Every structure is written in C-alpha cells, then in structure tokens.
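Chains, contacts and geometry: an overview
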Amino acid sequence: MSNLLKKGNLSRKPNAKPAETFSLEDLDEKPKKVEEAKQPSEEPVIEKATPKKSTTKKKRKINEDITSVRVTKETRSRLNALIQLGRAENVDDLIDAIVDDYIEMQLTPNEKKTFDILVKVIQKRG
C-alpha cells in the first residue's frame, strides 16, 4: 500500500489530440453534399407537420415561488440544449410550453377537465 503513495508510480502520457475537429461550418456543408449525391429516382422525404400553437408568452408573477424538480442529467442537458437553441428564455418557460403542448395534443376533453381540477387541488394544498 505504501508503494501507491510514492510519487512517480503513475506513468502519464501526453495529451491526446483528436484526429478531426468539429465546427459549425462543417454542419452547413454536409447537407449540401448530401443533396448533391441524391439521384433523381429517389422519392422525396415528407416531413410530418405539427400544428403550431400561438406563441403568447405568459408573464410570471414577480413573487411566484420557485421550486426544484429532479430529472436525470441527460434530461437536464437536453433542456439546456433547447435553451441554447433559443427555443425559450429559461427552463421554466420551456417546460411550460412542453406541458401545454402535451395537454393540448394528448389529453381528451374529459382528461383536460380532470387535469384542471387536479391542478387547482394541488395548488391549494401546497
């Protein structure tokens, strides 16, 4: 065990250098190359259109309580990446938009009524 504490036992290698580096300009060039490589016989890709909801921003109350939500590091990274893309000003606004879209697109009218009642009950409790 005392051998482990002596200096010089670890052999260190020089810093590894990447074979290729990444830049945003590379991303712009790659789609052009893909488009050039397409043959006329290929069918065009049809993207699924999602309905856009009006982008009215809700103003938060100045005295609104702030709390935390536990998420995985991967989810946190994905949320922060969407913020960096400019999809929202902060995570709270982004999550509000995501929840609103989910409620609008996934819940039935009956489930929406139940959801509204549950939200009111939970807000009164805490």
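Counting starts from 1 at the beginning of each chain's written sequence and moves along it residue by residue. For this predicted model, a pLDDT threshold of at least 70 governs which residues receive local features, and a threshold of 80 or more governs which side-chain atom pairs are given and counted, while totals over whole chains, interfaces and linings are taken from all residues. Water and hydrogen atoms were dropped before computing side-chain values, which therefore reflect all heavy atoms in the structure.

Some points on the overall build of the protein chain
In terms of helices and strands, the protein chain carries five helices and zero strands. Each helix and strand of the protein chain, ordered N terminal to C terminal, gives the series α-α-α-α-α. The buried share of the protein chain, reckoned over its 126 residues, is 5%. Secondary structure elements follow DSSP: runs of H or I of four or more residues count as helices, runs of E of two or more count as strands, with numbering from the N terminus. A simple rule labels every residue: compare its accessible area, found with a 1.4 Å probe on the protein chains alone, to the largest value its type can have, and call it buried under 20%, exposed over 50%, or partly exposed in between.

Some words on the confidence of the model for the protein chain
pLDDT is defined as a per-residue confidence score from the predictor, taking values between 0 and 100. Averaged over every residue, the pLDDT of the protein chain is 76; the share at 70 or more is 62%. Per-element confidence in the protein chain ranges from a low mean pLDDT of 56 for helix H2 (residues 24–37) to a high of 95 for helix H3 (residues 73–84). Here, two residues are considered to be in contact whenever any of their heavy atoms come within 4.5 Å of each other. Taken as a whole, residues 48–55 scores under 50 in pLDDT and shows three contacts with residues more than four places along the chain or in a different chain.

Some words on H3
Here, expected helix span is obtained from the residue count minus one, scaled by 1.5 Å. Counted at 1.5 Å a residue, the expected span for H3 with its 12 residues is 16 Å, and the 16 Å between its end C-alpha atoms agrees. A positive phi of about 85° marks Gly 86, the residue just after H3.

What about a nonpolar patch on the surface?
A cluster of nonpolar residues, Leu 82, Leu 85 and Ile 98, forms a patch on the protein surface that exposes about 270 Å² of accessible area. Assignment of secondary structure puts Leu 82 in helix H3. Each patch is assembled from residues with relative accessible area greater than 30% and no salt bridge, linking like charges that lie within 9 Å and nonpolar side chains (Val, Leu, Ile, Met, Phe, Trp, Tyr) that lie within 5 Å. Per-residue accessibility takes into account occlusion by the displayed protein chains alone, with areas from the Shrake-Rupley method and a 1.4 Å probe. By definition here, a salt bridge exists when the distance from a side-chain nitrogen of Lys or Arg to a carboxyl oxygen of Asp or Glu is within 4 Å.

A look at helix H4 (residues 91–106)
Between its first and last C-alpha atoms H4 spans 22 Å; for 16 residues at 1.5 Å apiece the expected length is 22 Å, and the two agree. Pairs of N or O atoms within 3.5 Å make up the polar contacts considered here, provided that, within protein, one atom can donate a hydrogen while the other can accept it, and that residues adjacent in sequence are counted only when both atoms are side-chain atoms. In this structure Asn 90 caps H4, since a side-chain oxygen of it lies 3.2 Å from the backbone nitrogen of Asp 92.

Quick notes on the packing of H3 against H4
Two measures define how a pair of helices packs: the angle their axes make with one another and the distance between the axes. To get an axis, fit a line to the C-alpha atoms, keeping to the stretch in contact for a helix; angles then go from 0 to 180 degrees between the N-to-C directions. Running from N to C, H3 and H4 cross one another at 100°; their axes reach a closest spacing of 10 Å. On the basis of their axis angle, the class for H3 and H4 is roughly perpendicular. Contacts from Leu 79, Asn 80, Leu 82 and Ile 83 in H3 reach Val 91, Leu 94, Ile 95 and Ile 98 in H4. Along the lines of polarity and charge, the residues of the contact of H3 with H4 split into seven nonpolar, one polar and no charged. For this classification, under 35 degrees means roughly parallel, over 145 means roughly antiparallel, 65 to 115 means roughly perpendicular, and everything else is oblique. Ten residues, namely Ala, Val, Leu, Ile, Met, Phe, Trp, Tyr, Cys and Pro, are considered nonpolar, four, namely Asp, Glu, Lys and Arg, are considered charged, and the remaining ones, Gly among them, are considered polar.

Some thoughts on the environment of Leu 107
Looking at the secondary structure, you find Leu 107 in the loop between H4 and helix H5 (109–125). The residues touching Leu 107, leaving out its near neighbours within four places in the chain, are Tyr 102, Lys 112 and Phe 115.

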